[in-house]
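Analysis of the macromolecular model
Take a look at the letters that make up each chain.
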2 protein chains.
Amino acid sequence: MRISELSEATGVPVPTVKYYLREGLLMPGTRTASNQADYGPDHAHRLRLIRVLRDVGRLGIERIRPVLAGLDDGSLPTHRLLGMVAYALAPPAEQGPVAADLALARADVDRFVDELGWVVNDGAPARRALADALVSLRRLGRDVGPEVFVPYAKAAGRIAASEFRTGPPADAPRDEQVEWVVVGTVVFESALRALLRMAQEHQSALRSP
Amino acid sequence: MRISELSEATGVPVPTVKYYLREGLLMPGTRTASNQADYGPDHAHRLRLIRVLRDVGRLGIERIRPVLAGLDDGSLPTHRLLGMVAYALAPPAEQGPVAADLALARADVDRFVDELGWVVNDGAPARRALADALVSLRRLGRDVGPEVFVPYAKAAGRIAASEFRTGPPADAPRDEQVEWVVVGTVVFESALRALLRMAQEHQSALRSP
């Protein structure tokens, strides 16, 4: 199909499609004339994926780029690739020096993850994110340890296990596996946040006069 | 304490403290001289809360403002106030016309929430957010209904119930209740996201050769 048809099929305006082409997020079409190219279903699918990352994941181009580069890179082993993509989707860590209370919270988190028996890379951005959450609680005057996160860890463990039961098998095409990680991280995380807010509203309604 | 001491106690630079004062996010201190004011523990606490909303919640000033206004407003009934604060913390909805597939997804979500038996306002931003997630899955070619969210809804229900068990009682001071909603929404949501990513990495490690 032509670029105008691609635009119509995906709801992405032509200038935006051209921008993604220039930025290398969308692979070029097959040239059919000096100023015309042909696009197929792969292009439409890629455009829809970019829009999910942008609209649901609220990621900027600079954070979308490495994810798509991972999808297009045939050289990495699949497990390494999936890890790379998951880390690329993590919120960027705070910059700047690490305060003493953050170092302490990080040690608490590392111990907590060990106790859960979870196999998580030392460099996983989520370790720092959890330490940030613990520091925030403490700076607000709450005298809490990482045990305060136990109900969340249990829920997260259940969800991750159910995701892997319904996900593609380990020998599925790597594109399919990577997209599944992307969608799981961005779309289902957004769904979980929405459901948690509704469940909190429901609990609040139950308790209000 | 003086503004320099307030800055030191909270780690917020003096120019930033002055900015929050000008913007009305931080209540003024007690004037002690023509160009000097005295600040107390309430000011330090408010500054730490602003930093949590900014650093952990990644909220801009314009989204922090109504939350703090809610905290300072003594006129709303507590239940209304808590709902207002929770909605103010929700990610802003996409603007623009509602596509036909989104309207359909929204009807699916409304039915799903009914079936869960949850009491959730029709105008809750989370309904739209969940419909957005469902539309994203469908636009990526997955033929799914809202039932795909069941494991997430179960987890969310458990978490919300446990939060309300450990939260302040219904007759606690309203400041305490509002702050608890703020912290629950921002800090624990961030913790849940971090834990989910670690649980996913763990599951992935379990299955990789």
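Please refer to the structure higher up on the page.
Structural notes, computed from the coordinates. (Residues numbered from 1 in each chain as written. Chains lettered and ligands numbered in written order. Predicted model: local features only at pLDDT ≥ 70, side-chain atom pairs only at ≥ 80, totals over all residues. Heavy atoms only, no water.)

**What to know about helix H6 (residues 100–116) of chain B**
For H6(B), which comprises 17 residues, the first-to-last C-alpha distance of 25 Å matches the rise-based estimate of 24 Å (1.5 Å per residue) to within 8%. Every buried residue belonging to H6(B) is among Leu102(B), Ala105(B), Asp108(B), Val109(B), Phe112(B) and Val113(B), and all of these are buried. Looking straight down H6(B), one finds that the buried residues subtend no more than 135° of arc, so they occupy a single side. For H6(B), the exposed residues set more than 90 degrees away from the buried face come down to Ala100(B), Leu104(B), Asp114(B) and Glu115(B). Packed against the buried residues of H6(B) are helix H9 (174–207) of chain A together with helix H7 (125–139) and helix H8 (150–166) of chain B. Once H6(B) finishes, Gly117(B) follows within two positions and takes phi at roughly 75°, a positive value. (Helix = DSSP H or I, 4+ residues; strand = E, 2+ residues; numbered from the N terminus. Expected span 1.5 Å × (residues − 1). Buried < 20%, exposed > 50% of the residue type's maximum accessible area, 1.4 Å probe, protein only. Arc of directions from axis to C-beta. Contact = heavy atoms within 4.5 Å.)

**Quick notes on the relation of the copies chain A and chain B**
The transformation that overlays chain A on chain B combines an axial shift of 0.0 Å with a rotation of 180°, and the residual RMSD is 0.1 Å. Both copies are brought into coincidence by an operation consistent with a two-fold rotation axis. Rotation axis and chain A: the residue whose C-alpha lies nearest the axis is Ala155(A), separated from it by 2.6 Å. Interface overlap between copies is the fraction of interface residues in one copy that are interface residues in the other; for chain A against chain B it reaches 100%, indicating a shared surface. (Least-squares fit on C-alpha atoms with pLDDT ≥ 70 in both.)

**Regarding unusual backbone geometry**
A positive phi angle, near 50°, is found at Arg58(A), a position not held by glycine. Topologically, Arg58(A) is positioned in the loop between helix H3 (41–56) and helix H4 (61–72).

**Quick look at the packing of aromatic side chains**
Under the definition given, this model contains eight aromatic pairs over all chains. A centroid spacing of 5.1 Å and a plane angle of 15° characterise the contact between Phe188(A) and Tyr152(B), whose relative ring orientation is stacked. Remark: Tyr152(B) occurs in helix H8 and Phe188(A) occurs in helix H9; the pair is interchain, linking two chains. Judged by its relative accessible area of 9%, Phe188(A) falls in the buried class. Centre to centre, the rings of Tyr19(B) and Tyr20(B) are 5.9 Å apart; their planes meet at 45°, and the pair counts as tilted. Taking relative accessible area as the criterion, Tyr20(B) reaches 2% and is therefore assigned buried. The structure contains a cluster of three or more aromatic residues connected by ring pairs, namely Phe149(A), Tyr152(A) and Phe188(B). (Phe/Tyr/Trp six-rings, centres within 6.5 Å; stacked < 30°, edge-to-face > 60°.)

**Structural notes on a positive patch on the surface**
On the surface, Lys154(A), Arg158(A), Lys154(B) and Arg158(B) cluster together into a positively charged patch. Tracing the sequence through the fold places Arg158(B) in helix H8. Note on Arg158(B): relative accessible area 41%, which makes it partly exposed. (Patch = residues over 30% accessible without salt bridge, like charges linked within 9 Å, V, L, I, M, F, W, Y side chains within 5 Å. Areas by Shrake-Rupley, 256 points an atom, 1.4 Å probe, with all protein chains shown as cover. Salt bridge = Lys/Arg side-chain N within 4 Å of Asp/Glu carboxyl O. Lys, Arg positive; Asp, Glu negative; His and termini not counted. Charge placed at Lys NZ, Arg CZ, Asp CG, Glu CD.)

Interpretation in functional terms is not warranted from these geometric data alone.
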